[in-house]
Amino acid sequence: MSCGNVRERLAEHALGALPARDSAPIDRHLSWCAACRKEAGELQRASATLAFALAPHDPADGLEERVADVVHQAVERRDRRSHPVPRRSRLAFVAAAAAMLAVLGTGWGAVMAGRAARSDDAVLRQTIRNQSAVERFRDVLNTAEFGDPEGEVFLATLGPAASGGGGGSALTLVSPSIIDMAIVLVNGVPAETREHLPFTVRLRGDDGVVTVGRIEKGDLDESGAGTVMGEFDDLTGYDSVVVRDANGDVVMSGTMRTRADVASPSP
Amino acid sequence: MEGLLAGDDDAIRAMYARYGRPIYSLGYRLLGTRESAEELTQDVFLTAWRKATRFDPTRGRLSTWLMTIAHNLAVDRLRRETGVSRPTLVLVDEVPDAPGLDEEAVLIERDAAQRALSSLTEAERRLVARAYFRGMTAREIAETDGIPLGTVKTRLRSAMIKVRKANEGKDTE
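The structure presented is a predicted model; accordingly, all values stated were derived computationally and were not measured.

Draft legend 1. The arrangement of the overall build of chain A in detail. Assigned secondary structure in chain A consists of eight helices and nine strands. A sequence separation of at least 24 residues applies to 68% of the contacts in chain A between residues at least 6 apart.

Draft legend 2. Representation of the overall build of chain B within the structure. In terms of helices and strands, chain B carries eight helices and zero strands. The proportion of buried residues among the 173 residues of chain B is 38%. Counting contacts in chain B only where the partners sit at least 6 residues apart, residues at least 24 apart contribute 66% of the total.

Draft legend 3. Seen up close, the packing of helix α1 (residues 3-15) of chain A against helix α2 (residues 20-32) of chain A. Residues and elements named next belong to chain A. Between α1 and α2, the least distance of the axes is 11 Å, while the angle of their chain directions is 115°. Pair α1 / α2 crosses with left-handed handedness. Residue-level inspection shows V6, R9 and H13 of α1 in contact with α2, the latter providing S23, I26 and H29. Of the residues assigned to the contact of α1 with α2, the class counts are two nonpolar, three polar and one charged.

Draft legend 4. Just the interface of chain B and chain A, in detail. Listed as interface residues are 69 residues of chain B and, on the opposing side, 49 residues of chain A. Among the secondary structure elements, those contributing two or more residues to the side of chain B that touches chain A are α2 (9-31), α3 (34-50), α4 (62-80), α5 (104-118), α6 (122-132) and α8 (149-166) of chain B. With 12 residues, the top contributor of residues to the side of chain B that touches chain A is α2(B). A breakdown of the residues in the side of chain B that touches chain A according to their chemical character gives 31 nonpolar, 18 polar and 20 charged.

Draft legend 5. A look at the nonpolar core. In this structure, A:L15, B:V44, B:L66, B:A70, B:A131, B:L156 and B:M160 are the most contacted members of the largest nonpolar core, which totals 62 residues. Counting residues per element, this core draws most heavily on α2(B), which supplies 10 residues. Excluding residues within four positions of it along the chain, B:L156 makes contact with A:A11, A:E12, A:L15, A:A17, B:L127, B:A131 and B:A138.

Draft legend 6. Just α3(B), in detail. All names here are of chain B. The terminal C-alpha atoms of α3 lie 24 Å apart, and with 17 residues this matches the ideal 24 Å at 1.5 Å per residue to within 8%. Across the 17 residues that make up α3, a large majority, 12, are buried. If you check which residues of α3 are buried, you get A37, E38, E39, L40, T41, Q42, D43, V44, F45, T47, A48 and W49.

Draft legend 7. View of the environment of B:E109. Tracing the sequence through the fold places B:E109 in helix α5. Between the C-alpha atoms of B:E109 and B:S63, which are 46 residues apart in sequence, the distance is 8.5 Å.

Draft legend 8. α6(B), seen in detail. Where α6(B) is concerned, the buried positions are B:L127, B:V128, B:A129, B:R130, B:A131 and B:Y132. Tucked into the core, α6(B) has its buried residues touching α1 and α3 (34-51) of chain A together with α7 (138-145) and α8 of chain B.

Draft legend 9. How the structure looks around the pairing of strand β2 (residues 167-174) of chain A. Residue and element names in this part refer to chain A. Summarising burial for β2: eight of the eight residues are buried, a large majority. Of the two faces of β2, the one lined by G167, S169, L171 and L173 and the one lined by G168, A170, T172 and V174 are each fully buried. Inspection of the sheet shows strand β1 (residues 152-160) paired to β2 by seven bridges, in the antiparallel sense. Pairing of E152 across the sheet is with V174, part of β2.

Draft legend 10. Highlighting the packing of α2(B) against α3(B). All names here are of chain B. Orientation of α2 relative to α3, taken along the N-to-C sense of each, is 135°, at an axis distance of 8 Å. Between α2 and α3, the crossing angle belongs to the class labelled oblique. When you trace α2 past α3, the crossing you get is right-handed. On α3, the residues touching G20, I23, Y24, G27, Y28 and L31 of α2 are R34, S36, A37, L40, T41 and V44. A class-by-class count of the residues in the contact of α2 with α3 yields seven nonpolar, four polar and one charged.

Draft legend 11. Structural detail: the confidence of the model for chain A. Residues and elements named next belong to chain A. The predicted model of chain A has a mean per-residue pLDDT of 76, with 67% of residues at 70 or higher. Ranking the helices and strands of chain A by mean pLDDT puts α1 first, with 91, and helix α6 (residues 107-113) last, with 47. Here residues 106-117 scores under 50 on pLDDT; set against residues more than four positions off or in separate chains, the count is 31 contacts. Confidence drops under a pLDDT of 50 for residues 259-267, and excluding neighbours within four residues, the segment shows 20 contacts in the predicted structure.

Draft legend 12. Highlighting the confidence of the model for chain B. All names here are of chain B. Looking at chain B, the pLDDT average stands at 81 and 82% of residues meet or exceed 70. Mean pLDDT across the elements of chain B bottoms out in helix α1 (residues 2-6) (79) and peaks in α8 (92). In this model, residues 82-101 is a region of pLDDT below 50 whose contacts with residues beyond four sequence positions or in other chains number 32 contacts. In the predicted complex, the global pTM is 0.64; the interface-specific ipTM is 0.81.

Draft legend 13. Broad picture of the environment of B:L40. All names here are of chain B. Mapped onto the elements of the fold, L40 is located in helix α3. Residue classification places L40 among the buried residues on the basis of 24 C-beta atoms within 10 Å. Once the C-alpha coordinates of L40 and H71 are considered, the two residues, 31 residues apart in sequence, prove to be 9.6 Å apart.

Draft legend 14. How the structure looks around unusual backbone geometry. For the bond from A:L197 to A:P198, the omega torsion is 5°, close enough to zero to count as cis. Along the polypeptide, A:P198 turns up in the loop between α8 (191-194) and β4 (199-205).

Thresholds, definitions, all that
- Residues numbered from 1 in each chain as written.
- Chains lettered and ligands numbered in written order.
- Predicted model: local features only at pLDDT ≥ 70, side-chain atom pairs only at ≥ 80, totals over all residues.
- Helix = DSSP H or I, 4+ residues; strand = E, 2+ residues; numbered from the N terminus.
- Contact = placed C-beta atoms within 7 Å.
- Buried ≥ 20, exposed ≤ 12 C-beta atoms within 10 Å, placed from the backbone.
- Axes fitted to C-alpha atoms, helices over the stretch in contact; angles between N-to-C directions.
- Left-handed = near helix turned anticlockwise from the far one by under 90°.
- Nonpolar A, V, L, I, M, F, W, Y, C, P; charged D, E, K, R; others polar.
- Core = buried A, V, L, I, M, F, W, Y, C linked by C-beta atoms within 7 Å.
- Expected span 1.5 Å × (residues − 1).
- Pairing = 2+ DSSP bridges.
- Parallel < 35°, antiparallel > 145°, perpendicular 65-115°, else oblique.
- pLDDT = per-residue confidence, 0-100.

Here it is in structure tokens:
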């Protein structure tokens, strides 16, 4: 993109009024263009000012404690990680669990395959079912067989790019005692999008980008569902998932959110 | 920020005392429930801790950085979740002040926000509010209003230039 094209869209970018598909090329431009980055920063400051225009709401009294606890726990995990212990792999176990998850989530493909006739209710029902499948997967991770008292689970729901379809889920496991891993499932990838395989699935974080894997033509079933997974030394801070097609265009994306410590799932 | 990075309890609580309420308020207005707003607030502080080394005070204020994190996380969640019902949008100049509840820095930020909003026409305010506080894309606004996408983009850009100019030379920290 040229500087002119980027600057025309920086106001939308600052307001969050761009879909992920359109934001990605602008972010790439800003990573190397100092002049545009300066203007983007000024507009970002302006948009952040707007946040203070809201009438204030008082949070519950206990929120301060929960915020402090979340940060303290993260600091403890980091400190333990700085004193490394032998770490074991869990890929084999997770592969089996992921197969279960893929089965649970495949209904999404059926819904998206009939996009022309689908109703919002059907999509909503399948979204809930899909999320439920991921929650069940998380429960598996809480079993004694897989138990990791120091681990943390992050989940993301992947949404399609503006002109695309399909959905997906992602899960990362970050632990000081077991090798970190990521698993990403895509569901209901439309036929027209499948023409641009292979997809590359990446995690983006503070320290850069890691590739979870590639989804080739033979990796998707007839409903457009497929899974990639990988093991990593440290996934701390990798908080966004981006799936790109062979042209480098974003197919779907999502943001990892803390949902529960492995040993103590939230209610 | 060094205190936050080290996990210093006083630093975390001081940051929460200053920014916890505006972050929670943004989450509540965007996501519509107290539970979601609380989850968002926790996520914002955790993200701030993770990215603390990337914060550069010479390039921007801490409030800008935190609110940008909060807004990005909230909009991302908003666009992925269906069926979210949000309360009616109420801006601060439409409700009585609640003196004594916020630190001075936040009140200064609020003044800056009021100054920014007052620089806009009513139509521009509605447009900016739908993009920023409702998480609507320019295309969604254009389709909802039945006006060309280019017109929405131009108006958003014009409005944001006004917002930026309204506080030029008025560094609040």
